[in-house]
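# Residue-level structure breakdown
So you can see what is in the structure, the chains are spelled out below.
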Amino acid sequence: MTTPADEHVTKQQKPDGSAHLMHRLASNPYLLLALASLFWSGNHIVGRAIAGHVPPIGMSMARWALPVLFLWPLARPHLLRDWPAIRAKAGLLLFLGLSGGALFSAGQYVGLQYTSALNVSVLNSLTPVFIVVAAAIIFRDEIAAIQIIGVTVSLVGVVAIISRGDIQTLRALQFNWGDLIVICNMAIFAVYSVCLRLRPQIHWLSFVYVLAVISTVGAAPFVVWETMSGYVFQPTLMTLLSILYTGVFTSFLAYAAWTRGVEIIGANRSGPFLHLIPFYSVILAGAFLGEQLMLYHLLGFAMILAGVWLASRGKSDTTPA
């Protein structure tokens, strides 16, 4: 028979169990990176759905302003404790916020105004390659052979999916200047990812909040210009839902998961997880758009997962700040 004292002990143990579960989640870089790719995959679908209906830079600012407004009560105690470290590396945080936050997110939505879904899938898969190159140039990182093999295998898997198993499909692709924006954007994110190793050793919530503030302020002048040009938000349910999704999942949760994952295993080994984005995109398209799962999807998925696994076996490139 359970006594009141036993119930009291049980109630006290529940938070410990929850804390242990959260610790295990925060210590599993592979799960975190997979979740980040899932949330960003959803962002591509949202971005394509609202293209032409929502101002791209305004959307970028809105997705960062949402965490700024609602995370303040949670982030405040960590910010107060971490403020000396934040102030000491203010220049680096400003660079990370403007590049990986404001510029990258705005570039995503601008590019999605002009390029096709197929092209986005192709160009997104350049990011792991850019990350490896950026790490070698900026930090003189050595590139392990198994990482090259992993990136190559997963890239082939992506090509198999987007080409639908027919190489002739790739020859039919037509690129425009919107694709150039996406390519530059992927290079920007690669530099952001490899520079994460330099960030101050502060709580992840402090980092994401500072990133959100810088991204919001950095985008504000361009939103003013966009608004004066007549490109404004339409007060629709789609607009509201897209802001909620991008603010919570694309900006807050995805960046928190990606930051922690890169912190643990490094940018080079994290990069191939971005190849999961087209993997998720096909699944989401099947769930929401009724598209069928084909044999080339399964073969491509298998190669993507194999490549990610191989690349994650390489040596970590993380460096203490």
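Residues numbered from 1 in each chain as written. Predicted model: local features only at pLDDT ≥ 70, side-chain atom pairs only at ≥ 80, totals over all residues. Heavy atoms only, no water.

### Some details on the packing of aromatic side chains
Summed over the entire model, instances satisfying the criterion amount to 13 aromatic pairs. Judged by centre distance (6.1 Å) and plane angle (65 degrees), the rings of tyrosine 192 and tyrosine 255 are edge-to-face. Pair noted here: tyrosine 192 is in helix 10 (residues 177–195) and tyrosine 255 is in helix 12 (residues 237–265), with a separation of 63 residues, a long-range link. On the basis of relative accessible area, tyrosine 255 is assigned to the buried category, the value being 0%. Consider the rings of tryptophan 204 and phenylalanine 252, whose centres lie 5.9 Å apart with planes at 25 degrees: the pair is stacked. Taken as a pair, tryptophan 204 in helix 11 (residues 204–228) and phenylalanine 252 in helix 12 lie far apart in primary sequence, 48 residues in all. The exposure class of phenylalanine 252 is buried, given its relative accessible area of 15%. Grouping aromatic residues by their ring pairs yields a cluster made of Trp40, Trp64, Phe104, Phe189, Tyr192, Tyr255 and Trp258. A cation over a ring is seen here: arginine 199 above phenylalanine 207, with NZ or CZ 4.9 Å from the ring centre. (Phe/Tyr/Trp six-rings, centres within 6.5 Å; stacked < 30°, edge-to-face > 60°. Helix = DSSP H or I, 4+ residues; strand = E, 2+ residues; numbered from the N terminus. Buried < 20%, exposed > 50% of the residue type's maximum accessible area, 1.4 Å probe, protein only. Lys NZ or Arg CZ within 6 Å of the ring centre and 35° of its normal.)

### Details of unusual backbone geometry
Of note in the backbone geometry, arginine 140 takes a positive phi value of approximately 60 degrees without being a glycine. Mapped onto the secondary structure, arginine 140 falls in the loop between helix 7 (127–139) and helix 8 (145–162).

### Looking at helix 10
Here helix 10 is 19 residues long and its end C-alpha atoms lie 27 Å apart, about the 27 Å a rise of 1.5 Å per residue gives. Within helix 10 the residues assigned to the buried category are Gly178, Asp179, Val182, Asn185, Met186, Phe189, Ala190, Tyr192, Ser193, Val194 and Cys195. (Expected span 1.5 Å × (residues − 1).)

### Description of the environment of alanine 51
Following the sequence through the fold, alanine 51 ends up in the loop between helix 2 (29–50) and helix 3 (56–70). Given the relative accessible area of 23%, alanine 51 is considered partly exposed. In the structure, alanine 51 is positioned 63 residues away from tyrosine 114 in sequence and 8.4 Å away in space, judged by C-alpha atoms. Contact partners of alanine 51, with chain neighbours within four places excluded, come to Leu112 and Gln113. (Contact = heavy atoms within 4.5 Å.)

### Quick notes on helix 7
For helix 7, which comprises 13 residues, the first-to-last C-alpha distance of 17 Å matches the rise-based estimate of 18 Å (1.5 Å per residue) to within 8%. Every buried residue of helix 7 is listed here: Thr127, Pro128, Ile131, Val132, Ala134 and Ala135. The arc enclosing the buried residues of helix 7, seen along the axis, measures out at 165 degrees, which places them on a common side. Phi for arginine 140, located one or two positions after helix 7, is positive at around 60 degrees. (Arc of directions from axis to C-beta.)

### Comments concerning the pattern of salt bridges
Considering all chains together, one arrives at four salt bridges under this definition. Aspartate 141 is the salt-bridge partner of arginine 197, the closest N and O atoms lying 2.7 Å from each other. With arginine 197 in the loop between helix 10 and helix 11 and aspartate 141 in the loop between helix 7 and helix 8, this residue pair connects regions lying 56 residues apart in the sequence. Residue class for arginine 197 comes out buried when judged on its relative accessible area of 10%. The class for aspartate 141 is buried, based on a relative accessible area of 16%. A salt bridge links arginine 260 to glutamate 263; the nearest nitrogen and oxygen atoms lie 2.9 Å apart. Note that arginine 260 and glutamate 263 are positioned in helix 12 at a spacing of three residues, about one turn of the helix. Residue classification places arginine 260 among the partly exposed positions, given a relative accessible area of 28%. Salt bridges sharing partners connect three or more residues here, namely Arg199, Arg260 and Glu263. (Salt bridge = Lys/Arg side-chain N within 4 Å of Asp/Glu carboxyl O.)

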